[in-house]
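Each chain, written out:
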Amino acid sequence: MKQRIMGNKRFPLVLMLEPLFRCNLACAGCGKIDYPDEILNKRLSVKECLDAVDECGAPAVAVPGGEPLLHKEIGEIVAGIVKRRKFVSLCTNALLLEKKLHLFTPSPYLTFSVHLDGDQGQHDKSVCQEGVYDKAVKAIRAAKAKGFRVGINCTLFDGTDAKRISDFFTYVSEDLKIDGITVSPGYAYERAPDQQHFLNRNKTRNLFRDIFRHGKGRKWSFSNSPLFLDFLAGNQTYECTPWGMPARNVFGWQRPCYLLGEGYASSFKELMESTDWDKYGTGRYQKCADCMVHCGYEATAAIDAVRHPLKALMAALRGVRTEGEMAPDIDLAKARAPEYVFDRNVQKFLSEAKHAPKTSAGERGGTTKSHAA
């Protein structure tokens, strides 16, 4: 509302702060870990992280990865963000969560967002490792017992069983008593090992209608906004808002969004002012054709809610509509052809790092252990 009153056309709602890409899992649908070791071993320092928070100014900060709990100074990073009275969602697969809980203090500004892509069978298949689900559930219970806010983030792929997911949502809401579900369809990372199970837009809309149809009368608590959920079920025609959740990672400020890395800016100001935003999004760029992910469309839903508060209220009160005609979708026919720049960007980063002058840890804005594997 403040940004609307000030007349700002583009502004951040959530900062996606990735302090590292390294992870302790290798999920088949992930496009964030396909880097050389020189990059996977790179860390943002505490100062770099907090400078990004201050520079961006968004009221909320999501801390994904990689696995953020692998960062040896993650406790200090989170404490610095909370001190600034920003809402922090620390995304984790929870394998290290119990061991690391002592690094954090319960706060209404801090939520652990645990990655769970369904029940035991669904999740362990998604992360390509058995036993991960049980460890995550155990960690959720431990964190809740210590007074922490804990939610889950659930990414859905083609072949997802709608009834099993709806039963899972009931379980985490009623048994685990989590503080919110963040749900999203998977994004088709161009270098993800598994390219066969990403959802297209039509499948996404039908899947979410089926899930919410099974969920009628159940008390699920979502972190997603009602209008975004309505969009997933095909009831809203939205365009992507890539600048709504800008991403800062070890490369810099990522263009154009958290999911699609096609260049980097050295500052948030440069990212906002020099990125050709009109080149990206569904209907404009073929790489974005099937994307309906929260980091692109939650901001659109939030802006729509401010513009049309009655519409947002009705969506919240009635729930997601699961029957009837769907809203028109975006025409994909005129989208520009994709550019494949991943390898070029990686090589540029490695070359710059190789030729950069040697500096002390202090001059880098962190300590030696910040950059340790």
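For the structure, see preceding data.
Trainee: Kindly report on the overall build of the protein, identifying the contributing residues and their values.
Mentor: Secondary structure assignment for the protein yields 14 helices and 9 strands. Here the protein has a C-alpha radius of gyration of 20 Å; the compact-globule value for 373 residues is 21 Å, and the two agree. Taken across its 373 residues, the protein has 53% of its residues classed as buried. Surface exposure of the protein reaches about 17,200 Å², of which carbon and sulfur atoms provide 52%.

Trainee: Please provide a residue-by-residue account of the pattern of salt bridges, values included.
Mentor: Per the counting criterion, the structure on display carries 21 salt bridges. For Asp-210, the salt bridge is made with Arg-213, and the minimal N-O distance between the two is 2.5 Å. Of this pair, Asp-210 and Arg-213 both sit in helix H9 (residues 201–214), 3 residues apart, which is roughly one turn of the helix. Residue Asp-210 is classed as partly exposed on the basis of its relative accessible area, which comes to 33%. When the shortest N-O distance is used, the salt bridge between Lys-287 and Glu-262 registers 2.8 Å. Taken as a pair, Lys-287 in the loop between helix H11 (268–274) and helix H12 (294–307) and Glu-262 in strand E9 (residues 261–265) lie far apart in primary sequence, 25 residues in all. The pair Lys-287 / Glu-262 is uniform in exposure class, with both members buried. Taken together, the salt bridges that share partners define one network made up of Lys-163, Asp-167 and Arg-218.

Trainee: Please provide a residue-by-residue account of the state of the cysteines, values included.
Mentor: Disulfides are covalent bonds that connect the sulfur atoms of two cysteines. This model, assessed by the stated rule, comprises 0 disulfides. Note on Cys-23: no disulfide assigned, nearest cysteine sulfur contributed by Cys-27 at a separation of 6.2 Å. Of the cysteine sulfurs around Cys-49, a residue in no disulfide, the closest is that of Cys-56, at 13 Å. Given the relative accessible area of 0%, Cys-49 is considered buried.

Trainee: Can you explain the side chain of Gln-122? Please cite residues and give values.
Mentor: With respect to the helices, strands and loops of the structure, Gln-122 is situated in helix H6 (residues 120–126). Once residues lying within four places of it in the same chain are set aside, the contact partners of Gln-122 are Asp-117, Asp-161, Arg-164 and Ile-165.

Trainee: Residue-level account of the packing of aromatic side chains, with values.
Mentor: Any pair of aromatic rings gets described here by the distance separating the centres and the angle formed by the planes. Scanning the entire structure with this criterion turns up 20 aromatic pairs. Geometrically, the ring pair formed by Phe-251 and Tyr-264 is tilted, given 4.9 Å between the ring centres and 50° between the ring planes. Of this pair, Phe-251 sits in the loop between strand E7 (247–249) and strand E8 (252–256) while Tyr-264 is found in strand E9, placing the two residues 13 residues apart along the sequence. Overall, the relative accessible area of 23% leaves Tyr-264 in the partly exposed class. A connected cluster of aromatic rings, assembled from ring pairs, spans Phe-168, Phe-169, Phe-208, Phe-212, Trp-220 and Phe-222. Taking NZ or CZ as reference, Arg-336 lies 5.2 Å from the ring centre of Tyr-280, over its face.

Trainee: Kindly report on a nonpolar patch on the surface, identifying the contributing residues and their values.
Mentor: On the surface, Leu-310, Leu-313, Met-314 and Leu-317 cluster together into a nonpolar patch covering about 430 Å² of accessible area. Its place among the elements puts Met-314 in helix H13 (residues 309–318). Its relative accessible area of 41% is what places Met-314 among the partly exposed residues.

Trainee: Requested: an account of the environment of His-102, with residues and values cited.
Mentor: With respect to the helices and strands, the residue His-102 is situated in the loop between helix H5 (97–100) and strand E4 (110–115). With 27 residues separating them along the chain, His-102 and Gly-75 place their C-alpha atoms 8.8 Å apart. Here Lys-99 takes part through its backbone oxygen, which lies 3.1 Å from a polar atom of the side chain of His-102.

Trainee: A description of the packing of helix H3 (residues 46–56) against helix H4 (residues 74–83) should follow, citing residues and the corresponding values.
Mentor: A pair of packed helices can be characterised by two numbers: the angle between their axes and the separation between those axes. At a closest axis distance of 9 Å, the pairing of H3 and H4 adopts a crossing angle of 25°. With respect to H4, the axis of H3 lies roughly parallel. Relative to H4, the crossing made by H3 is right-handed. Judged by residue contacts, Val-46, Cys-49, Leu-50 and Val-53 of H3 engage Glu-76, Ile-77, Gly-80 and Ile-81 from H4. Among the residues forming the contact of H3 with H4, the class breakdown is 6 nonpolar, 1 polar and 1 charged.

Trainee: Go over unusual backbone geometry, please, and point to the residues and values.
Mentor: Gly-65 connects to Gly-66 through a cis peptide bond whose omega is 5°. Along the chain, the position of Gly-66 falls in the loop between strand E2 (60–63) and H4. Each neighbour pair has its own omega, and for Arg-255 with Pro-256 the value is -10°, a cis peptide bond. In this structure, Pro-256 sits in strand E8. The phi dihedral of Cys-128 is positive, around 60°, even though this residue is not glycine. Its place among the elements puts Cys-128 in the loop between H6 and helix H7 (132–145).

Rules used throughout
Within each chain, residues carry numbers counting from 1 in the order of the written sequence. Given that this is a predicted model, residues contribute local features only at a pLDDT of at least 70 and side-chain atom pairs are listed and counted only at 80 or more, while totals for whole chains, interfaces and linings are drawn from all residues. In computing side-chain values, all of the structure's heavy atoms are included and hydrogens and water are not. The numbering of helices and of strands both runs from the N terminus, where a helix is a DSSP run of H or I of at least 4 residues and a strand a run of E of at least 2. We take the radius of gyration over the C-alpha atoms and set the globule estimate at 2.2 Å times the residue count to the 0.38 power. A 1.4 Å probe rolled over the protein chains alone gives each residue an accessible area, and that area as a share of the maximum for its type sets the label: buried under 20%, exposed over 50%, partly exposed in between. What sets the accessible areas is the Shrake-Rupley method with a 1.4 Å probe; for residues, cover comes only from the shown protein chains. The salt bridge criterion pairs a side-chain nitrogen of Lys or Arg with a carboxyl oxygen of Asp or Glu, the two atoms within 4 Å. We call a pair of cysteine sulfur atoms a disulfide whenever their separation is within 2.5 Å. Contact criterion: two residues are considered in contact whenever any of their non-hydrogen atoms come within 4.5 Å of each other. Aromatic rings from Phe, Tyr and Trp, with only the six-membered ring used for Trp, were paired whenever their centres fell within 6.5 Å, and each pair was classed as stacked if the ring planes differed by under 30 degrees, edge-to-face if by over 60, and tilted otherwise. In this analysis the charged atom, NZ for Lys or CZ for Arg, is taken to sit over a ring once it is within 6 Å of the ring centre and within 35 degrees of the ring normal. Patch members must show over 30% relative accessible area and no salt bridge, and they are joined within 9 Å when carrying like charges or within 5 Å when they are nonpolar side chains of Val, Leu, Ile, Met, Phe, Trp or Tyr. Whenever two N or O atoms come within 3.5 Å, that pair is a polar contact, provided that in protein one can donate a hydrogen and the other can accept it, and provided that, for residues adjacent in sequence, both atoms are side-chain atoms. A fitted line through C-alpha atoms serves as each axis, taken over the contacting stretch for helices, and the angle formed by two N-to-C directions is quoted from 0 to 180°. Angle categories are assigned with fixed cut-offs, so that under 35 degrees is roughly parallel, over 145 is roughly antiparallel, 65 to 115 is roughly perpendicular, and the rest are oblique. Handedness of a helix crossing follows the sense of rotation of the near helix relative to the far helix, less than a right angle counterclockwise being left-handed and clockwise being right-handed. Classification convention: Asp, Glu, Lys, Arg as charged; Ala, Val, Leu, Ile, Met, Phe, Trp, Tyr, Cys, Pro as nonpolar; all other residues, Gly among them, as polar.

In short, shape yes, function no, at least from these values alone.
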